[in-house]
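# Overview (structure and organization)
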Amino acid sequence: MKKRFQIWILAFLSIGLACSSSDTDGDLNVTPTPLPESSGSAQIKIVYDNFQGTSLMVIGSSRLDFMVAFDRQLGGNEMNFSSVQDSLPIVMTDDQGSQWNIFGLAIDGPNEGKQLTPVNSFIGYWFSWGAFYPGLEIYNSSLAIPNQGESVQGTDDWLIPRDKVQVGAPKEAIPSIDSPDFVRVRTTKVGDPDNFLDDSELVILVNINGVHHVYPHNILNWHEIVNDEIDNTQFAVVFCPLTGTSTVWNRTIDGVTSTYGVSGFLYNSNVVPYDRVSGSNWSQMLQLSVNGALKGIKSENIFVIETNYATANIISNDFQQLTTNTGFSRDYGRNPYGSYPTNSSITFSVNFEDNRLHPKERVLGVIIGSKAKAYRLSSF
Amino acid sequence: MLIVLIPLFILGGQLKLSGQACCTGGAPISTNLGVQSFQANQLVLDVSYDYNSLRDLYAASKNLHDSRRTRTIKTLFLRGSYGIDKNWSISVILPYLWQEQVIRSDFGRINQNTEGIGDLVILAQRTLINNHKNQLLIAAGPKLPTGSISQKDDEFGILLAPDLQPGTGSWDGIGALSYSRFGLFTPTTNIYGLLTYRYSFEQDRNDGQQKYRFGNELALNLGISYSFQVKTWSINPSLHYRYRSSQSDENDGFDFPNTGGDWMYLVPGIRINSPKGVIIHSSFEIPLHTDVTGTQLVTSQKWNIGITYPINLKKDKAFRIKYGK
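Numbering of residues begins from 1 in every chain and follows the order in which that chain's sequence is written. Chains carry letters and ligands carry numbers; both start at the beginning, A for chains and 1 for ligands, and go up in the order they are written. Only residues with pLDDT of at least 70 are given local features in this predicted model, and only at 80 or more are side-chain atom pairs given and counted; all residues enter the totals for whole chains, interfaces and linings.

### A word on the overall build of chain B
Heads up, the rule is: Secondary structure elements are defined from DSSP: runs of H or I of at least 4 residues count as helices, runs of E of at least 2 residues count as strands, and each element is numbered from the N terminus. Buried residues are those with 20 or more other C-beta atoms within 10 Å of their own C-beta, exposed residues have 12 or fewer, and partly exposed residues lie in between; C-beta atoms are placed from the backbone. By definition, residues are in contact whenever their C-beta atoms, placed on the basis of the backbone, come within 7 Å of each other.
In terms of regular secondary structure, chain B is built from two helices and 19 strands. Out of the 325 residues in chain B, the part that is buried amounts to 42%. Within chain B, counting contacts between residues at least 6 apart in sequence, those at least 24 apart form 64% of the total.

Put into structure tokens, the structure is as follows:
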């Protein structure tokens, strides 16, 4: 009897131990390249490129952690620039002697007051660009393109396949910030101690008419959307923690001002905001209403810079920083997604996978027409 | 015997095993297995109702005190157990669930409801030791994917999240080990321990486009019960500690955010045994400690009430033959 009992115990234990080995850290997929180090050159570089018939330039710095893209055409002329170092927000001069800031504005010289046209672009995790724009080109890369993808057709009143839309959370379970509270930060790192950020923490910087608002990722991780306003321009900051993408949309559409909320849906692992007036669902990365009364309407995008807090403090010495006084009790010192921003897991399935880069490498995607091109921080 | 079992329970508690986090896809089976001894040729029917109210939003072990989001899971369990002989018995457990999720925001109240038959569990149970001092039982069996995993959002027809579905969609394995020590301090005082484990397999969702796997789950119950008589009725109050540990779910092979964690509860309960063998039982869970992965709604209040009705088939058969009924 005693022996039989021992056998039962051993059998039970062995089942338990065998089962416990199923733990995964989310790194099942072998990726061809590691996540790049955040260090690099503090030099600001300018890259000229031609994509989809548009002559554009991308200005960036790997250590300063920013990339922005502008059309080189100004008043029918193709402009030539040289980068300027250690003078942020000034990043370049043109061959006529004007200096230009990171927002694409000439601040002196013969072109003073002129504004370059931003190219539709924003930073996001590499995998998300591969999912939305299969086979997209990477600037200055010799890596073989694994697939060109196939066209994706909408179904069931959606401009995207409805059965590819997944539920990440219930509607409004992730609360947007609709009455944002700001603290004015006038000099480097002097602000509300409750809102102090490490130099390396990522933020979004929005500039409207010279007024700068800064939105830390550590707050956006919990809310994803901030409905804000500067100088009567109503806009929504939309951030997806799963794709690492930040976009800023004008909230006034055809004369009607709305607010955006988190629908809880995900498409290609990317947030699907909904506007609360029409109830329409939007795809952040497609920048398009994909379902509802506004289906087919494109978002009106506002220029956005994603960078780290140290660089944001150099770009602007007088900005309004979103505070944790959001009206919600959240643990803003902690990322609710844990190590997700740096591990190789992709939580929700995507249409296309592209392993040329680490899935979480942050790249600038430039979108022209229906095509996109990726620019890596390591190119700067 | 205790020398063997205590390390087993400690080891079990340390294993980072699995389970469903804030809310289960399917019924809370692991805490409702009802592993106990059955007499030979005895059929025991049990009907119980489980009410689980999740109103506390936690980030790791911190209560966020956010009342915007709640969930209620009500489950009716039908359980039939049959004693094949003095050592072997078999149990079948069928749950029926009603789930309601509510989000209250400045833009209105959003409800999501699902209901349906959950996953059927079949357990074979073996009595290893049964004497006046000790009882040791072991049980194992499959959980069948009988519950629906295809319920959709009313407004858009989008497949609801796995944890809101009545079933998990997977064949799972369940094991349990139960030990009781009788008459430890007084003749009617017993201590007991129950270790349960559920191993989950992967399921296909969205017509095979998505592979989802609920985390494995381990639950450990350690308690004490006492028995006293009130006229011809036997009353058994009990108090036990419950530890539940759950792995994160996996979606397409990767950990799914905001699932998995560790929970501890204090569970007072009572069993009232009538002279005719009918038992009324009830328990109430008081959360002691919560440490979840990410941010999750957790149980704020949970109670269970049920009635057990034993039928001695051999006796009834003899009765029918003798009296021709």
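### What to know about the overall build of chain A
Counting its secondary structure elements, chain A contains four helices and 27 strands. Counting across all 380 residues of chain A, residues that qualify as buried make up 48%. Intrachain contacts of chain A at a sequence separation of at least 6 include 59% that bridge at least 24 residues.

### Some points on the sheet that holds strand E11 (residues 210-213) of chain B
All names here are of chain B. To be explicit about the condition: Two strands make a pair as long as DSSP finds a minimum of two bridges between them.
Across the sheet, four strands lie side by side as E10-E11-E15-E16; this open sheet has antiparallel pairing. Unpaired on one side and paired on the other, strand E10 (203-205) and strand E16 (254-255) mark the two borders of the sheet. Relative to E16, strand E15 (residues 250-251) runs antiparallel, the two sharing two bridges. In the sheet register, Glu-250 faces E16, and the bridge partner there is Asp-255.

### Brief notes about unusual backbone geometry
Note that the residue after Leu88(A), namely Pro89(A), is joined by a cis bond; omega there is 15°. Note on placement: Pro89(A) falls in the loop between strand E6 (81-83) and strand E7 (90-94). In the Ramachandran plot, Asp157(A) falls in the positive-phi region, its phi being about 70° despite a non-glycine side chain. Here Asp157(A) lies in the loop between strand E10 (137-138) and strand E11 (165-167). With 12 C-beta atoms counted inside 10 Å, the residue Asp157(A) sits in the exposed group. Even without glycine at this site, Ala60(B) takes up a positive phi of about 55°. Structurally, Ala60(B) is set in the loop between strand E1 (42-59) and strand E2 (62-63).

### Description of the sheet that holds strand E12 (residues 182-185) of chain A
All names here are of chain A. Counted only if it meets this: Every axis in this analysis is a line fitted to C-alpha atoms, fitted for helices over the stretch in contact. Angles between the N-to-C directions lie between 0 and 180 degrees.
Strand order in the open sheet made by the five strands is E12-E25-E14-E13-E24, with mixed pairing throughout. Two strands close off the open sheet at either side, each with one partner strand: E12 and strand E24 (304-308). Strand-to-strand twist across the sheet, computed as the mean angle between neighbouring axes with direction ignored, equals 30°.

### Notes on the environment of Ile93(B)
With respect to the element layout, Ile93(B) can be found in strand E4 (residues 88-105). Sequence separation between Ile93(B) and Tyr51(B) is 42 residues; the distance between their C-alpha atoms is 17 Å.

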